[in-house]
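Understanding the architecture of this molecule
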Amino acid sequence: SLPAKLINGGIAGLIGVTCVFPIDLAKTRLQNQQNGQRMYTSMSDCLIKTIRSEGYFGMYRGAAVNLTLVTPEKAIKLAANDFFRHHLSKDGKKLTLLREMLAGCGAGTCQVIVTTPMEMLKIQLQDAGRIAAQKKLMAAQAQLSSSSVAGAAEPVVETRTTAMQITRELLRSKGIAGLYKGLGATLLRDVPFSIVYFPLFANLNKLGQKDPDVKAPFYVSFLSGCVAGSTAAVAVNPCDVIKTRLQSLQRGVNEDTYSGILDCTKKIWQKEGPMAFLKGAYCRALVIAPLFGIAQVVYFIGIAEFLLDMLPKHRA
């Protein structure tokens, strides 16, 4: 049932995000840093420096936004894919690869309703620590270079903002369109991702089914979700880099600003080279693999069906 699908998607999203959010934070910071202003050399370096400067919970900056909105996002994606697969099938026959890709395309298009504002807010909170650390470093270097001047420079103090403050400011200054900045880039990432992910997962999962009418074992669903998720994540990583850059409202010192997808693509290619489009690719694969592996296990086990079945018995 639709309620069961929505509950399963929500539970899967909450578990997955809690497990992999620190890696997602590292991905955002690695993708946003530009040549000449590199604060981090790798994922592990980013996480270590984040813990040292912001504490353990610094790795979870922006997690509240994700945990709040991931339930409707994952629920829409999984339920929409099932909806489109059902309506594209002919008399219950096996879907062709093209129809599977169309179903994934429909799911990816539907999910951006929630994904775009969620990612928009999350990126601001995740990247705030990087920008603050960069400003502190620049201030320290300036203080050293002017050490002969009497008096110490005032330390840079980071002013922490919340998701609600960012939301109110965007709505006040730009209206609802402010929360949907980078919508085009989000579509460019999520639609191809779903086109690759859902058909690949469905076909990998079928390999573990001994009988077409019986669900595959949970470990097959988990591994299929991991492989399909990481493959799709790496495939669309260039679009994710562009989306992250476009959705960042604040820039570090001497970092470029972008007017749109083409301008962002051109500047990254010219100033940072083609390999810049793969920034954070392994982080994204490490995020997406368990995220979708967990999602598919929860979804196919059907925790929601069990809970919904228990409700009438409990009431009785």
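All figures in this text were calculated on a predicted structure; none of them were measured in a lab. (Residues numbered from 1 in each chain as written. Predicted model: local features only at pLDDT ≥ 70, side-chain atom pairs only at ≥ 80, totals over all residues. Heavy atoms only, no water.)

Description of the overall build of the protein chain
Scanning the protein chain for helices and strands turns up eleven helices and zero strands. Overall, the protein chain shows an N-to-C arrangement of helices and strands of α-α-α-α-α-α-α-α-α-α-α. Out of the 316 residues in the protein chain, the part that is buried amounts to 48%. Relative to all contacts within the protein chain whose residues are 6 or more apart in sequence, the contacts with residues 24 or more apart total 81%. Element-wise, carbon and sulfur atoms account for 66% of the exposed surface of the protein chain, whose accessible area totals about 15,800 Å². (Helix = DSSP H or I, 4+ residues; strand = E, 2+ residues; numbered from the N terminus. Buried < 20%, exposed > 50% of the residue type's maximum accessible area, 1.4 Å probe, protein only. Contact = heavy atoms within 4.5 Å. Areas by Shrake-Rupley, 256 points an atom, 1.4 Å probe, with all protein chains shown as cover.)

Quick look at the pattern of salt bridges
Scanning the entire structure with this criterion turns up 19 salt bridges. Between Lys122 and Glu119 there is a salt bridge whose closest N-O contact spans 3.3 Å. Highlighted residues: Lys122 and Glu119, both in helix H4 (residues 97-145), separated by three residues, approximately one helical turn. Residue classification places Glu119 among the buried positions, given a relative accessible area of 8%. For the salt bridge of Arg189 with Glu119, the shortest nitrogen-to-oxygen distance reads 3.4 Å. A residue pair is termed long-range when its members are at least 10 positions apart, and Arg189 in helix H6 (residues 183-206) and Glu119 in helix H4 qualify at 70 residues. Among the charged side chains, a salt-bridge network with shared partners connects Asp24, Lys27, Glu119, Lys122, Arg189, Asp190, Asp240 and Lys243. (Salt bridge = Lys/Arg side-chain N within 4 Å of Asp/Glu carboxyl O.)

Thoughts on the packing of helix H8 (residues 237-247) against helix H9 (residues 261-272)
Contact pair H8 / H9: the axes reach a minimum separation of 10 Å and the direction vectors enclose 110°. Comparing their axes, H9 and H8 come out roughly perpendicular. Contact with H8, carried on its side by Val241, Ile242, Arg245 and Leu246, involves Ile261, Cys264, Thr265, Ile268 and Glu272 of H9 and no other residues of that element. For the contact of H8 with H9, the residue count by class is six nonpolar, one polar and two charged. (Axes fitted to C-alpha atoms, helices over the stretch in contact; angles between N-to-C directions. Parallel < 35°, antiparallel > 145°, perpendicular 65-115°, else oblique. Nonpolar A, V, L, I, M, F, W, Y, C, P; charged D, E, K, R; others polar.)

Considerations on the nonpolar core
In summary, soluble globular proteins display a tendency toward joint burial of nonpolar side chains. Ranked by internal contacts, the top residues of the largest apolar core, which has 30 residues, are Met43, Phe193, Tyr197, Ile288, Leu291 and Phe292. Among the elements that line this core, the one with the most residues is helix H1 (residues 2-32), at six residues. Discounting chain neighbours no more than four positions away, the residues touching Leu291 are Gly13, Gly16, Val17, Val20 and Lys74. (Core = buried A, V, L, I, M, F, W, Y, C linked by side-chain atoms within 4.5 Å.)

Some points on H8
Most of H8 sits inside the fold, with nine of its eleven residues counted as buried. For H8, the full list of buried residues reads Asn237, Asp240, Val241, Ile242, Lys243, Thr244, Arg245, Leu246 and Gln247.

With respect to a nonpolar patch on the surface
Taken together, the side chains of Phe218, Tyr219, Phe222 and Leu223 define a hydrophobic patch exposed on the protein surface, amounting to about 440 Å² of accessible area. Assignment of secondary structure puts Leu223 in helix H7 (residues 218-235). (Patch = residues over 30% accessible without salt bridge, like charges linked within 9 Å, V, L, I, M, F, W, Y side chains within 5 Å.)

Topic: the environment of Leu179
Counting through the fold element by element, Leu179 comes out in the loop between helix H5 (163-174) and H6. You can call Leu179 buried: its relative accessible area is 9%. Leu179 sits 63 residues away from Thr116 along the chain, and the two C-alpha atoms are 7.3 Å apart. Those residues in contact with Leu179 that sit more than four places away from it in its chain are Thr116, Pro117, Met120, Leu121, Thr167, Leu170 and Leu171.

As for the packing of aromatic side chains
Scanning the entire structure with this criterion turns up eight aromatic pairs. Taking 6.3 Å as the distance between ring centres and 40° as the angle between the ring planes, the aromatic pair formed by Trp269 and Phe277 counts as tilted. The class of Trp269 is exposed, set by a relative accessible area of 52%. Each member of the aromatic cluster is reached from another via a ring pair, and the members are Phe21, Tyr56, Phe57 and Tyr60. (Phe/Tyr/Trp six-rings, centres within 6.5 Å; stacked < 30°, edge-to-face > 60°.)

Some points on the confidence of the model for the protein chain
Residues with a pLDDT of 70 or more make up 88% of the protein chain, whose mean pLDDT is 83. Within the protein chain, no element has a lower average pLDDT than helix H11 (residues 303-315), which sits at 57, and none a higher one than H8, at 94. (pLDDT = per-residue confidence, 0-100.)

What to know about the packing of helix H3 (residues 63-88) against H6
As a packed pair, H3 and H6 sit with axes 12 Å apart at the nearest point and diverge in direction by 70°. As the angle between them shows, H3 and H6 are arranged roughly perpendicular. Where H3 abuts H6, its residues Lys77, Leu78, Asn81 and Arg85 lie against Phe193, Ser194, Phe198 and Ala202. Of the residues that constitute the contact of H3 with H6, the class distribution is four nonpolar, two polar and two charged.

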